[in-house]
Structures are given as C-alpha cells and as structure tokens.
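# Structural overview
The chain contents come next:
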Amino acid sequence: MRERGFILLIVIWLAALFALVTAGFVKAIQAHLRASTSFAQSARAELLADSGLALAALDLVGNGPASGRSRRFPLNATPVACALDSEGQLTIRLQDAGGRVNLNTASERLLQALLIGLGVERSVAIQRVDALIEFRSPPGEGRRPGAEKVDYVAAGRPLGAKNAPLDNLDELYQVPGFDAALIEQMTPHITIHSGTAGLDPEVTTPGLAGQLARAVSDLPGGAQGLNSDTRVPGEFIIASTQRVFVATVAARLETGAGYVREAVIELAQNKNGLLNYKVWKRGAVGIPPDEANGLAPPC
C-alpha cells in the first residue's frame, strides 16, 4: 500500500513538473512569435520608408522648373503625407541643403546667430562658436593656437581639434561645449553638404529664419540688412547650388510599427540622371504623423 502511494506521489510530481515545463515552453514560443512578428513589421516599415525615399528622389530628378512640372514635395522641409492603402502612411520631408547652416563654411556671425536663436546665452554662444572654428581651422589658424590642446583635455577630448572640415555631423560631439541636448536642437538646421556659406530664403524653414531674425540684433554690430520679406537677415542670404538635398521619410504602419530613413542626396552635374547618396542612415527622430491619416492621398 505504501509503495502504491509512493508511486502515485511520484506520478503526480512528474505530471506537475511536466505541466510547468510545458507552460514555460509555450510562453517561450509565444514570446518568440511576438518578437518575430515585431521584427517582420519593422522590416516592412523600413522597406516602405526606403520606397518613400525613392519617391522623393524621383521627384527631384523628374519635376521642377527645368521639366515644367511642379514638385510634389516642397524643398523647404514641409512634410507631405500619403496613404499606403490599408497598411499605413508615409510622411516625406525634402529640403534643399542651401536652407541649412553649413558648419564648415558658415561665418562666425551666422553660427552665433544660430546658437542664440536656439536659446543659448550670447556669451556662451560666442565661446561655443570659437570652439567650433578652432576645431575646423587648419593647424595654427585657430583663435588661440597652442592653447586648444589644454581645452580639449579638460573637456575629456584628449585627441584635440580635428583642424579640418567636418566630414560627418556626429563630429560635432568632439567639439568642447557641444553636448547631446544642444546638438539635438541644432540637427534640423545644420549641414556640411550645402556648398555655400549662407542661406537661401526660398528653402530655409520659417522656424530657422525667424530664430535668426530675432537673434541677429544680439550680435556684435546689431542687425545688418534684415530683409522682412524673406525673414532671413540679408547678411546671411546666399543662393543655393540646388544640387544637394536632405530627405527624411517616416513610415508608420497600421500595426503601430514605424521606421525613419534619412538621406542626403546629391544630383549629378551631368545629364546622366545619376544620384549620389552622400548619407544613408536610420533616422533618430521621426516626423509627426498627419492627424488626417485617412484623408492623405495615395502614394
């Protein structure tokens, strides 16, 4: 009798253990399925974002004044939404790089106005701009030759200044005084690809133009040539080369999955229609989705 009871106890214990193992296995399978579904949706969103970038590139080469056809996507970073049938929505933003401040070629006053316009106190903005000019200037041509190494070591950047133009916007993190919060504020307004030292008012966002117009009176010498029609201070106005463009495409699926693609596109100088993608990366910040999602035209 005792043996039967002992055997029954073992059977019950084994059944309970089997049930626990089975439950754990089921949960693991469910978690794996959820992860696989999420990965598949993210991959789908990435492909759709890349498709939106192709639409933007086609608009650049196929439309505009030379073709006599109007552009679908304005070159001043105005977001344009389009629907993906029942899948979701794309939001495409295209901007001529001539509407952004070039960190390599912009004047001291333009860089100071940019920082002041973003809320940086004037004396601090002057220091930050001095550090940036020191970083990008050839050896011996900075503001304080010989003293820069000490400044960089004190800021935790022992490699010192680059003493050459920036090749990537991320290099701004190497400049003393530029932290993540400030760089995040600057990113929508800066470039290293425009090829000009100023801004084209036709493709500069109203937000940046307004910030510069308010900040320029704080600069040494005050406002110079403020053009109220274009909003961009006259001293900063330079026509764009109309060859380099910044594209941001946000894909949002009905399932909630999303992906942002950012690229810098350069038009070929000849007639072969080729494009040069100078930057191709995953975007860190998306474009707010159109509230009228259902009313967006088809892509």
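No experiment lies behind these values; they were computed from the predicted model shown. (Residues numbered from 1 in each chain as written. Predicted model: local features only at pLDDT ≥ 70, side-chain atom pairs only at ≥ 80, totals over all residues. Heavy atoms only, no water.)

## Overview of the packing of aromatic side chains
- According to the stated counting rule, one finds one aromatic pair in the structure shown.
- Seen in terms of ring centroids, Tyr-277 and Trp-280 are 5.5 Å apart; in terms of plane orientation they differ by 80 degrees. Their pairing is edge-to-face.
- Among the residues examined, Tyr-277 registers a relative accessible area of 34% and is labelled partly exposed.
- Given the relative accessible area of 44%, Trp-280 is considered partly exposed. (Phe/Tyr/Trp six-rings, centres within 6.5 Å; stacked < 30°, edge-to-face > 60°. Buried < 20%, exposed > 50% of the residue type's maximum accessible area, 1.4 Å probe, protein only.)

## Structural notes on the nonpolar core
- Ranked by size, the top nonpolar core spans 37 residues in total, and within it Leu-103, Leu-172, Phe-178 and Met-186 carry the most contacts.
- Elements with a contribution of two residues or more to this core: helix H2 (108-117), helix H3 (122-136), helix H5 (180-186) and helix H6 (206-215).
- Setting aside its immediate chain neighbours within four residues, Met-186 contacts Leu-103, Leu-114, Leu-115, Leu-118, Leu-172 and Phe-178. (Core = buried A, V, L, I, M, F, W, Y, C linked by side-chain atoms within 4.5 Å. Helix = DSSP H or I, 4+ residues; strand = E, 2+ residues; numbered from the N terminus. Contact = heavy atoms within 4.5 Å.)

## Describing the pairing of strand E1 (residues 80-83)
- Bridge analysis of E1 against strand E2 (residues 88-96) gives four bridges, and the strand direction is antiparallel. Each bridged residue has a counterpart across the sheet, and for Ala-81 the counterpart in E2 is Thr-91.
- The antiparallel hairpin formed by E1 and E2 contains four residues in its connecting segment, where Asp-85 sits at a positive phi of about 50 degrees. (Pairing = 2+ DSSP bridges.)

## Looking at the side chain of Arg-136
- By the element assignment, Arg-136 lies in helix H3.
- Among buried charged residues, Arg-136 stands out as having no salt bridge; its nearest opposite-charge side chain is Glu-108, 8.3 Å away. (Lys, Arg positive; Asp, Glu negative; His and termini not counted. Salt bridge = Lys/Arg side-chain N within 4 Å of Asp/Glu carboxyl O.)

## A few points about H2
- Counting buried positions along H2 gives eight out of ten residues, so the element sits mostly inside the fold.
- Buried within H2 we find Arg-109, Leu-110, Leu-111, Gln-112, Ala-113, Leu-114, Leu-115 and Ile-116.
- Summarising the contacts, the buried residues of H2 are in contact with strand E3 (101-102), H3, H5, strand E4 (190-191) and H6.

## Overview of the side chain of Gln-211
- Along the chain, Gln-211 falls in helix H6.
- In contact with Gln-211, other than residues within four places in its own chain, are Gly-117, Leu-118 and His-189.

## Observations regarding the sheet that holds strand E5 (residues 244-253)
- Strand order across the open sheet formed by five strands is E1-E2-E5-E6-E7, with antiparallel pairing between neighbours. In this open sheet, the two strands that pair with only one neighbour each are E1 and strand E7 (275-282). On average, adjacent strands in this sheet sit at an angle of 20 degrees to one another, irrespective of strand direction.
- Sheet topology places E2 next to E5; nine bridges connect them, and they run antiparallel. (Axes fitted to C-alpha atoms, helices over the stretch in contact; angles between N-to-C directions.)

## Some remarks on the layout of surface pockets
- Taken as a whole, the largest pocket spans an internal volume of roughly 940 Å³.
- The wall of the largest pocket is formed by 36 residues, among which Arg-100, Thr-187, Pro-188, Glu-262 and Lys-281 lie closest to the centre.
- Counting residues per element, the ones that place at least two in the lining of the largest pocket are E2, H5, E4, E5, strand E6 (258-267) and E7.
- In terms of residue class, the lining of the largest pocket is made up of 17 nonpolar, eleven polar and eight charged. (1 Å grid on protein atoms, 1.4 Å probe; cavity = no way out; pocket = protein on both sides within 12 Å on 5 of 7 lines; lining within 4 Å. Points joined across faces, edges and corners; volume = space filled by probe spheres on them. Nonpolar A, V, L, I, M, F, W, Y, C, P; charged D, E, K, R; others polar.)

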